[in-house]
Amino acid sequence: MTGGGGGPGPGGAALSVDHHTHTSFSDGRDSLREVVSAAEARGLRALYVTDHVRRDTDWLPSYTAAVREAADRAGRLTVVCGVETKMLDTAGRLDVPDDLTGVTHLAIADHRFPLPDGPSLPEEVAEMLADGRLTSEAALDALTAATTAALHSVPAGRTAHLAHLFSVLPKSGLDEAAMGRARLTRIAEACRATGSAVEVNEKWRCPSPGTVRVLRGLGVRMVAGSDAHTAAAVGAWAYVAEVLGDGSGESGESGESGEGYEREDGHR
């Protein structure tokens, strides 16, 4: 479905779960209670609450207690206590507190560009690309290394998914299609090895349908995420429904790459 009320509509199970939402605990406008109520009104089956954290976040105990209470009240709706964290570098370090008691899921995001020495703002990466301090191939390799390492850095006993994958690329002046099949294959291997999914993000309209086709062909589970910062945006699908809901993101049995991606031999 798109922005209207009611159930999840076309797409079935994939659109009945919102894997990425925010509340007033971090930068969301509305309260946890309002976000949960919105998910119930949408007819969602499950809601992942994934407020932003950093290493020095000190409100996790009250947050996890509130989400646990909301889950107990929710009835048929499953409420999952997650956090959104950013990748910091190519070693896969995550910007999360040491104590994640009560947190069961991580949404791993690329808010800044993870380089070997740490995260850089997208505009800084664009400057480095422009003046030759960084090549596009090196930048794409760094993002691939960071993404795969981050999946393997998820603390034991917790699940994870990649949130708004590649949203940092256009902000940095890079083309998502240039990632190529080989890099996507490495990310897919890490997803399969760790049991992690990749989110199709409503807010940032990423990854592209071509990327989704490749990842699906490589056996990656794709999930829906609104990245809602208001209750009204929870489970409101337009781009996600287009990519996931009608099967347009499916690839054939051979797992052929999406349009615009290079084959291993370098031809398009």
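Now for a description of the structure that goes with this document. (Residues numbered from 1 in each chain as written. Predicted model: local features only at pLDDT ≥ 70, side-chain atom pairs only at ≥ 80, totals over all residues. Heavy atoms only, no water.)

Next up on the list: the environment of aspartate 95. With respect to the helices and strands, the residue aspartate 95 is situated in the loop between strand S3 (78-86) and strand S4 (105-109). Classification of aspartate 95 by relative accessible area gives buried; the value is 9%. Sequence spacing of aspartate 95 and threonine 85 is ten residues, and the spatial spacing of their C-alpha atoms is 5.7 Å. Those residues in contact with aspartate 95 that lie beyond four places of it in its chain are Val53, Arg54, Arg55, Thr85, Lys86 and Leu88. At 2.7 Å, the side chain of aspartate 95 and the side chain of lysine 86 are in polar contact. (Helix = DSSP H or I, 4+ residues; strand = E, 2+ residues; numbered from the N terminus. Buried < 20%, exposed > 50% of the residue type's maximum accessible area, 1.4 Å probe, protein only. Contact = heavy atoms within 4.5 Å. Polar contact = N/O pair within 3.5 Å; in protein donor to acceptor, adjacent residues only side chain to side chain.)

The next point concerns the pattern of salt bridges. A complete count under the given rule lists nine salt bridges for this structure. Between arginine 93 and aspartate 89 there is a salt bridge, and its shortest N-O distance comes to 2.6 Å. Arginine 93 sits in the partly exposed class, given a relative accessible area of 43%. As a salt-bridge pair, arginine 183 and aspartate 141 come within 2.8 Å of each other at their nearest N and O atoms. Taken together, the positions of arginine 183 in helix H6 (residues 180-194) and aspartate 141 in helix H4 (residues 136-152) put the pair 42 residues apart, joining distant regions of the chain. Judged by relative accessible area, which is 8%, arginine 183 ranks as buried. Since its relative accessible area comes to 37%, aspartate 141 is described here as partly exposed. (Salt bridge = Lys/Arg side-chain N within 4 Å of Asp/Glu carboxyl O.)

Further remarks concern the sheet that holds strand S1 (residues 17-21). The strand order S1-S2-S3-S4-S7-S8-S9 describes an open sheet built from seven strands, whose pairing is parallel. One side of each edge strand has no neighbouring strand; the edge strands of this open sheet are S1 and strand S9 (222-225). Strand-to-strand, the axes of this sheet are offset by a mean angle of 30°, without reference to chain direction. Helix H1 (residues 32-42) contacts S1, strand S2 (46-52) and S3 of the sheet and is inclined by roughly 150° relative to S2. (Pairing = 2+ DSSP bridges. Axes fitted to C-alpha atoms, helices over the stretch in contact; angles between N-to-C directions.)

Applying the stated criterion across every chain yields a total of three aromatic pairs. Seen from their ring centres, tryptophan 59 and tyrosine 63 are 5.4 Å apart, and the 80° between their planes marks the pair as edge-to-face. According to the relative accessible area criterion, tryptophan 59 is partly exposed, its value standing at 22%. What makes tyrosine 63 buried here is its relative accessible area of 0%. Clustering of aromatic rings is evident, with ring pairs tying together Phe25, Trp59 and Tyr63. Between the NZ or CZ atom of lysine 171 and the centre of the ring of tryptophan 204, over which it lies, the distance is 4.0 Å. (Phe/Tyr/Trp six-rings, centres within 6.5 Å; stacked < 30°, edge-to-face > 60°. Lys NZ or Arg CZ within 6 Å of the ring centre and 35° of its normal.)

This part takes up helix H7 (residues 209-217). Of all the positions in H7, only Gly210, Thr211, Val212, Val214, Leu215 and Arg216 are classed as buried. Buried residues along H7 sit against H6, strand S8 (197-201), S9 and helix H8 (239-245). Just downstream of H7, glycine 219 is the residue with a positive phi angle, here 85°.

Right, let's get into the packing of H4 against H6. The contact between H4 and H6 brings their axes to 9 Å, and the two run at 5°. Here H6 runs roughly parallel to H4, going by the angle between their axes. From H4, Glu137, Leu140, Asp141, Thr144, Thr147, Thr148, Leu151 and His152 reach across to H6, where they touch Arg183, Arg186, Ile187, Ala190, Cys191, Ala193 and Thr194. Of the residues contributing to the contact of H4 with H6, the split by class is six nonpolar, five polar and four charged. (Parallel < 35°, antiparallel > 145°, perpendicular 65-115°, else oblique. Nonpolar A, V, L, I, M, F, W, Y, C, P; charged D, E, K, R; others polar.)

A few words on the packing of H6 against H7. Axis separation between H6 and H7 bottoms out at 10 Å; the angle between their running directions is 55°. Taken together, the axis directions place H6 and H7 in an arrangement best described as oblique. With respect to the hand of their crossing, H6 and H7 are arranged in right-handed fashion. Counting all contacts with H6, which are made through Arg181, Leu184 and Ala188, the residues of H7 involved are Thr211, Val214 and Leu215. (Left-handed = near helix turned anticlockwise from the far one by under 90°.)

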